[in-house]
Protein chains: 2
Amino acid sequence: MPPRVYLAGPDVFLPDAQARAATLKAICARHGLVAVSPLDEIAEPPEWARLAEAARLYRRNEAHMRSCAGIIANLTPFRGPSADVGTAFEVGFMRALGRPVFAWSTVAEGLATRTLMLAGAPAADEPFAAELRDPDGLLVENFGLFDNLMLDGAICASGGGLALAASAARWGDLGPFETAVRAAAACLGGRAA
Amino acid sequence: MPPRVYLAGPDVFLPDAQARAATLKAICARHGLVAVSPLDEIAEPPEWARLAEAARLYRRNEAHMRSCAGIIANLTPFRGPSADVGTAFEVGFMRALGRPVFAWSTVAEGLATRTLMLAGAPAADEPFAAELRDPDGLLVENFGLFDNLMLDGAICASGGGLALAASAARWGDLGPFETAVRAAAACLGGRAA
C-alpha cells in the first residue's frame, strides 16, 4: 500500500477547488503517494447524520488525518501575514500524532518582513537584531523563520521539510508543492510508479 | 493536584506579556486550575542546548502542552480575520491528544462578517444563504461559525467551550477569558480555593 498523505491548505477555498485537488493528487501519485483531500468523501458512521454540516466536515477531516502517514501543508500566507488557521490547526494535529509535517509556500519572504509590510511599517534595517513591534505595539516574532515558531518548529521537530518559492502567482505555482511531495515521498517510502 | 491548563494565545506578543500571564494565571488559580504559560521556563533536557532559540521555545511549548489536561485559547482575531496561527496550531495539537479545548475572544462577530469587512466587501444580506467569496474569488466559510470550521469543530468535538464578548478593548477585557476558565474548571475538576 502506498503511503497516504493529507493535503492541508486554503486550496479548498479556490474557485476550482475540486480540479485543484485532482492536480495535487496526480502529482503525489507520480511520487508514489496517495493524497487525501479534505474534499474527499468517506463512509460516515450513522451517528454523524445528526451533526450540522460544519461539524460533519470537521469529523471527516479528523478521520482523514488519522488515516494518513504525514501531512503536506500549503502555508502560503492567507488573508494576512500568516498561513490559513485551519491549516495551522491541522499541522498541530498531525504533529501531536507524531506524523511528519511537510510544508510549502509560493511566498518566500519571512514572517517578520510580511508582518511589517502588511502593517504598513517600514522594514527593519537589521531584521534579526532588534525587537520588532507592529504599529499596535504587539511583538513581531523575529527569529528569521517562515511563519510562527510553532509551525516552523513542528516541521523541524517532526523530521519534515519546508519548500519555498518566490512565485509570481500565489495560487498558480505548484513547484514548491512538488518539492514538498518529493521530500514526503523520500521520508515515507513512496516510490515513483 | 489541581488540573493544569495551557494558556494559548497572542497574549505573549503584548507589550506587558509577563504581567498579562500573571493576571491570567491568577484568574485560573481562583477557579482551582494551575495555568501554564508559553513564557514559563522548564528544566530543559541537556540536548536542547544545541537548538536555536526558536526551536528550543517550540520544544518547551510542546512539553508544556503535553503536561496539561486542557487548553484555554485566546482566539481573538490577530493580524487578519482569524486567530493567531500559533494558537490554532496549539488547539490542533491538544485536540489530537484528546484534551478539551476551551476558547475565548473579545470580538464576537463571526468569521464570514470579519472576513468580508477586512476585505472591504459589502456584508451579505443573507449571510447564511449564499456562497460567499472574497474579492480574490476565494471562498469565505459561511457556516455561521466563529472561525475556521476546524477550530469551532475541535472545540465542540472535544467537549470544550467557546466564550465570546463584544468588547471595546481587544486586549483589555478578560471577561470572556474568565467564562472560559469557569467552563474548563467545571470540565476538568478544578475547584475554587
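Residues numbered from 1 in each chain as written. Chains lettered and ligands numbered in written order. Predicted model: local features only at pLDDT ≥ 70, side-chain atom pairs only at ≥ 80, totals over all residues. Heavy atoms only, no water.

A. View of the packing of helix α3 (residues 85-96) of chain A against helix α3 (residues 85-96) of chain B. Where α3 of chain A contacts α3 of chain B, the two axes come as close as 6 Å, and the packing angle between them is 40 degrees. One finds that α3 of chain A runs oblique with respect to α3 of chain B. Crossing of α3 of chain A over α3 of chain B shows right-handed handedness. Judged by residue contacts, Val85, Ala88, Phe89, Val91, Gly92, Phe93, Arg95 and Ala96 of chain A of α3 of chain A engage Val85, Ala88, Phe89, Val91, Gly92, Phe93, Arg95 and Ala96 of chain B from α3 of chain B. (Axes fitted to C-alpha atoms, helices over the stretch in contact; angles between N-to-C directions. Helix = DSSP H or I, 4+ residues; strand = E, 2+ residues; numbered from the N terminus. Parallel < 35°, antiparallel > 145°, perpendicular 65-115°, else oblique. Left-handed = near helix turned anticlockwise from the far one by under 90°. Contact = heavy atoms within 4.5 Å.)

B. Representation of the confidence of the model for chain A within the structure. When pLDDT is averaged along chain A, the result is 94; 94% of the residues meet or exceed 70. If you check the scores for this complex, the pTM reads 0.96 and the ipTM reads 0.96. (pLDDT = per-residue confidence, 0-100.)

C. Representation of the nonpolar core in the model. Counting 56 residues, the largest nonpolar core has Ile71, Phe89 and Val91 of chain A together with Ile71, Phe89 and Val91 of chain B as the members making the most contacts within it. Once residues within four sequence positions are removed from consideration, phenylalanine 89 of chain B is found in contact with Ala88, Phe89, Val91, Gly92, Arg95, Met150, Leu151 and Ala154 of chain A together with Tyr58 and Met65 of chain B. (Core = buried A, V, L, I, M, F, W, Y, C linked by side-chain atoms within 4.5 Å. Buried < 20%, exposed > 50% of the residue type's maximum accessible area, 1.4 Å probe, protein only.)

D. Highlighting the interface of chain A and chain B. Listed as interface residues are 49 residues of chain A and, on the opposing side, 48 residues of chain B. For the chain A face of the interface with chain B, the top three residues by lost area are Arg79, Val85 and Met150 of chain A, together amounting to 20%. Linking chain A to chain B there are four salt bridges. Scanning the region where chain A abuts chain B turns up 14 residue pairs in polar contact (both at pLDDT 80 or more). Broken down by secondary-structure element, the contributors of at least two residues to the side of chain A that touches chain B are α2 (53-66), α3, β6 (139-140) and α5 (149-157) of chain A. Ranked by residue count, the leading element in the side of chain A that touches chain B is α3 of chain A, at 10 residues. Here the side of chain A that touches chain B is composed, by residue class, of 28 nonpolar, nine polar and 12 charged. (Buried area = accessible area lost by both parts, 1.4 Å probe. Salt bridge = Lys/Arg side-chain N within 4 Å of Asp/Glu carboxyl O. Polar contact = N/O pair within 3.5 Å; in protein donor to acceptor, adjacent residues only side chain to side chain. Nonpolar A, V, L, I, M, F, W, Y, C, P; charged D, E, K, R; others polar.)

E. Highlighting helix α2 (residues 53-66) of chain B. Given a rise of 1.5 Å per residue, 14 residues ought to cover 20 Å, and the 20 Å separating the end C-alpha atoms of α2 of chain B matches this to within 8%. Along α2 of chain B, the positions that sit buried rather than exposed are Ala54, Leu57, Tyr58, Arg60, Asn61, Glu62, His64 and Met65 of chain B. (Expected span 1.5 Å × (residues − 1).)

F. Molecular detail of the sheet that holds strand β1 (residues 4-8) of chain A. All names here are of chain A. A sheet is described by the order of its strands in space; here five strands give the open sequence β2-β1-β3-β4-β7, paired in parallel fashion. Edge positions in the sheet fall to β2 (34-36) and β7 (161-164), since each has one partner strand and no second. Shown here is a sheet whose adjacent strand axes are inclined to one another by a mean of 20 degrees, direction ignored. Here strand β4 (residues 101-105) runs beside β7; their pairing, made up of four bridges, is parallel. Among the inter-strand pairings, phenylalanine 102 is bridged to a residue of β7, identified as glycine 161. (Pairing = 2+ DSSP bridges.)

G. Looking closely at the pattern of salt bridges. As enumerated under the stated definition, the model contains 20 salt bridges over all chains in all. With a shortest N-O distance of 2.7 Å, arginine 56 of chain A and glutamate 44 of chain A are connected by a salt bridge. Of this pair, arginine 56 of chain A sits in helix α2 while glutamate 44 of chain A sits in the loop between β2 and α2, placing them 12 residues apart in sequence. Judged by relative accessible area, arginine 56 of chain A falls into the partly exposed class, the value being 22%. For the salt bridge of arginine 95 of chain B with glutamate 62 of chain A, the shortest nitrogen-to-oxygen distance reads 2.5 Å. With one member in each of two chains, arginine 95 of chain B in helix α3 and glutamate 62 of chain A in helix α2 form a pair that bridges those chains. Overall, the relative accessible area of 11% leaves arginine 95 of chain B in the buried class. The exposure class assigned to glutamate 62 of chain A is buried, which follows from its relative accessible area of 6%.

H. Representation of the environment of leucine 138 of chain B within the structure. With respect to the secondary-structure elements, leucine 138 of chain B resides in the loop between β5 (132-133) and β6 (139-140). If near-sequence neighbours (up to four positions away) are discounted, leucine 138 of chain B is found in contact with Phe13, Leu14, Pro15, Phe78, Arg79 and Trp171 of chain A together with Leu132 and Arg133 of chain B.

I. Broad picture of the relation of the copies chain A and chain B. Least-squares fitting of chain A to chain B yields an RMSD of 0.0 Å, with the transformation described by 0.0 Å of translation along the axis and a rotation of 180 degrees. Classification of the inter-copy transformation places it as that of a two-fold axis. Take the interface residues of chain A: 98% of them recur as interface residues in chain B, which is what a same-surface contact looks like. (Least-squares fit on C-alpha atoms with pLDDT ≥ 70 in both.)

J. Representation of unusual backbone geometry within the structure. All names here are of chain A. Positive phi, close to 55 degrees, is recorded for arginine 79, a residue that is not glycine. With respect to the helices, strands and loops of the structure, arginine 79 is situated in the loop between β3 (70-74) and α3. By relative accessible area, which is 24% here, arginine 79 ends up partly exposed.

K. Representation of helix α4 (residues 111-118) of chain B. For α4 of chain B, every residue scored as buried is listed here: Leu111, Ala112, Arg114, Thr115 and Leu116 of chain B. The positive-phi residue at the C-terminal boundary of α4 of chain B is glycine 120 of chain B, with phi of around 75 degrees.

L. Main features of the sheet that holds strand β7 (residues 161-164) of chain B. Residues and elements named next belong to chain B. The sheet built from five strands is open, its strands ordered β2-β1-β3-β4-β7 with parallel pairing. Where the open sheet ends on each side, the last strands, each with one partner, are β2 (34-36) and β7. Going from strand to strand, the sheet's axes swing by 20 degrees on average, the running direction of each strand aside. Helix-sheet contacts for helix α6 (residues 175-188) involve β1 (4-8), β3 (70-74), β4 (101-105) and β7, and the interaxial angle to β4 is about 165 degrees.

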